[in-house]
Amino acid sequence: MFTPESYTIVANFFPKLLGLIYFFAFGAFLFQIKGLIGKNGILPLADYLGWIKKCYPNKYYRIAPTVFWINSSDTALMIVVGTGTLLSVLLMLGVYPPIILLLLYLLYLSIITAGQDFLCFGWEGFLLEITLNTIFLSLSSPPNLMIWISINLLLFRFHLQAGAVKLQSGDPNWRNLTAIAYHYQTQPIPNVVAWYMHKLPMWFHKASTFMMFVFELIVPFAIFGTDAMRLGACIALVGLQWSIWFTGNLSYLNHLTVVLCTLLVANTYLTPFFDIPPIPEPASWEISTLCNSVGTLFVILQVMHLWNHFVPNPLFSLWLQKFSNYFIANRYGIFAVMTTTRNEIIFEGSNDGVKWEEYMFCHKPSEITRRPKRVSPYQPRLDWQAWFLPFRHFRHDAWVRNFLCCLLEGSPEVLALLRVNPFPDAPPRFVRTLMYEYVFSTAKEKKEHGWWWRRYYVGIFTQPICLKKHNQ
């Protein structure tokens, strides 16, 4: 049944799997963090923290909980990222899980708080919420009952809310089951499989969308059933995550969700492959009391979030807001409204305002002959942010204005985030952005011309700009 005594094998192994996710999460920043929030990056961390301290002089630590208040230099950024990567390896090796998990939580919370626009994705908070539960999950064997209820409720809530937001949004593409037909082409970073899936008939896309709703809205209720029902739910939910990973690039989200789903597999199904962990001494009264208290708090907050999702309650919202900076309980649900067209912002530079050269990003669509790549669980943060640009005026995104300035200044840290810099010797005098609509090519176009995309000019996104010194 649902009782934690039947899940000691997977509960014992779970922190090691979470260490693998942290390895992906921290490791990716080794190549990006200085260009994103470093001293010469797009959104310098020191400036951001200075602004917060000025606005909230008496509570800036609570508004932005991060170790970077001690030091926000590029060296400090790399130390935190490097330490997090090392700790993730130690967690995979099973070294003092509760302590390592707590340190990983604190370091990743620091990065999320410092990351500004580049770390505003739902899976960041999902990882931290899982980590908080796992800290207490690893303190005793079998797992504490309240913590066990909390982490299973989190898995339930994550999937149920993901399905519910799609229907609650009123988006006709979800309701008429055509949304996934668009998703393959319009998702932030498509991979090569998405091109082929896009060619399948509409009945397949509608059937896929229907099954997704079944997996997200019905299957999660089996989480609270028998061991066999939970195993069935695990197979279904892992299959859903595999299909999303197979056709897209959603950072480490699918991998993290699969890891969480392993908690649905009871000892009965694992004993042929693993030994049941020896029964340790009963947890001390202090540990039991701590786990019961924290687990009860987690469950209450999750129930509040679940209730608030369907019947908003101002009092619940107020309480949940008090914990939001620490990602103890988060709201879930992505792609509530399906994007039906793909507009890409192209960045160009010029020395004379006549001949323009295009900057090439590492993974977002650029040349129509470039094959889409699989990059997850790695997340190219700059490419992801560029996907959001067409949805609103650029004046609302400080990062893009700063990015244009970095191109004009030739910041090495920022240029390292790009695949092709057309001005390797000196930065250009002008930069501008254009908007193009991208659509997948036809099978005939790919065979005859090697095209993966077709693109159509939409218009100017930002007019040419230059540094003040070039205007003098």
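Everything below is about the structure printed above this text.
In this text, all values refer to a predicted model and were calculated from it rather than measured experimentally.

Colleague: Quick one: what's the story with unusual backbone geometry, residue by residue and with numbers?
Modeller: Between serine 141 and proline 142 the backbone carries a cis peptide bond, its omega angle lying at 0°. By the element assignment, proline 142 lies in the loop between helix H7 (122-137) and helix H8 (145-168). Between serine 376 and proline 377 the backbone carries a cis peptide bond, its omega angle lying at 15°. When you line up the elements, proline 377 lands in the loop between strand E3 (360-361) and helix H18 (381-388). Look at serine 251: it is not a glycine, yet its phi comes out positive at around 55°. The buried category is assigned to serine 251, whose relative accessible area is 1%.

Colleague: I'd like a description of the pattern of salt bridges, backed by residues and values.
Modeller: In total, this model carries 10 salt bridges according to the counting rule given. Residue lysine 355 pairs with glutamate 357 through a salt bridge whose shortest N-O separation is 3.8 Å. A relative accessible area of 30% places glutamate 357 in the partly exposed class. Two residues, glutamate 367 and arginine 419, come together in a salt bridge whose shortest N-O distance is 2.7 Å. Placement of the pair is glutamate 367 in the loop between E3 and H18 and arginine 419 in strand E4 (residues 418-420), with a sequence separation of 52 residues. The exposure class of arginine 419 is partly exposed, given its relative accessible area of 29%. Salt bridges linked by common partners bring Arg342, Glu344 and Lys364 together as one network.

Colleague: Go over the nonpolar core with me, naming the residues and quoting the values.
Modeller: Formed by 118 residues in total, the largest nonpolar core has its most connected members in Tyr108, Phe347, Trp399 and Phe403. With 10 residues, the single largest contributor to this core is helix H6 (residues 97-115). Residues within four places of tryptophan 399 in sequence aside, it is in contact with Ile42, Leu43, Asp117, Phe118, Leu382, Gln385, Ala386 and Leu389. Counting residues in hydrophobic clusters, the runner-up holds 20 residues, among them Trp174, Phe213, Leu240 and Trp453.

Colleague: Please set out the packing of aromatic side chains residue by residue, giving values where relevant.
Modeller: Throughout the structure, instances matching the rule amount to 38 aromatic pairs. When the centroid spacing of 5.6 Å and the interplanar angle of 70° are considered together, the rings of tyrosine 436 and tyrosine 457 count as edge-to-face. Residue tyrosine 436 is located in strand E5 (residues 430-440), and its partner tyrosine 457 is located in strand E6 (residues 453-465); the two are separated by 21 residues in the primary sequence. Relative to tryptophan 453, the ring of tyrosine 438 lies with its centre 5.8 Å away and its plane at 80°, an arrangement referred to as edge-to-face. Pair noted here: tyrosine 438 is in strand E5 and tryptophan 453 is in strand E6, with a separation of 15 residues, a long-range link. For the residue pair tyrosine 438 and tryptophan 453, the accessibility class agrees, reading buried in each case. A cation over a ring is seen here: arginine 432 above tryptophan 356, with NZ or CZ 4.2 Å from the ring centre. Here the basic side chain of arginine 455 rests over the ring of tyrosine 436, its NZ or CZ set 4.2 Å away from the ring centre.

Calculation rules
Residues numbered from 1 in each chain as written. Predicted model: local features only at pLDDT ≥ 70, side-chain atom pairs only at ≥ 80, totals over all residues. Heavy atoms only, no water. Helix = DSSP H or I, 4+ residues; strand = E, 2+ residues; numbered from the N terminus. Buried < 20%, exposed > 50% of the residue type's maximum accessible area, 1.4 Å probe, protein only. Salt bridge = Lys/Arg side-chain N within 4 Å of Asp/Glu carboxyl O. Core = buried A, V, L, I, M, F, W, Y, C linked by side-chain atoms within 4.5 Å. Contact = heavy atoms within 4.5 Å. Phe/Tyr/Trp six-rings, centres within 6.5 Å; stacked < 30°, edge-to-face > 60°. Lys NZ or Arg CZ within 6 Å of the ring centre and 35° of its normal.

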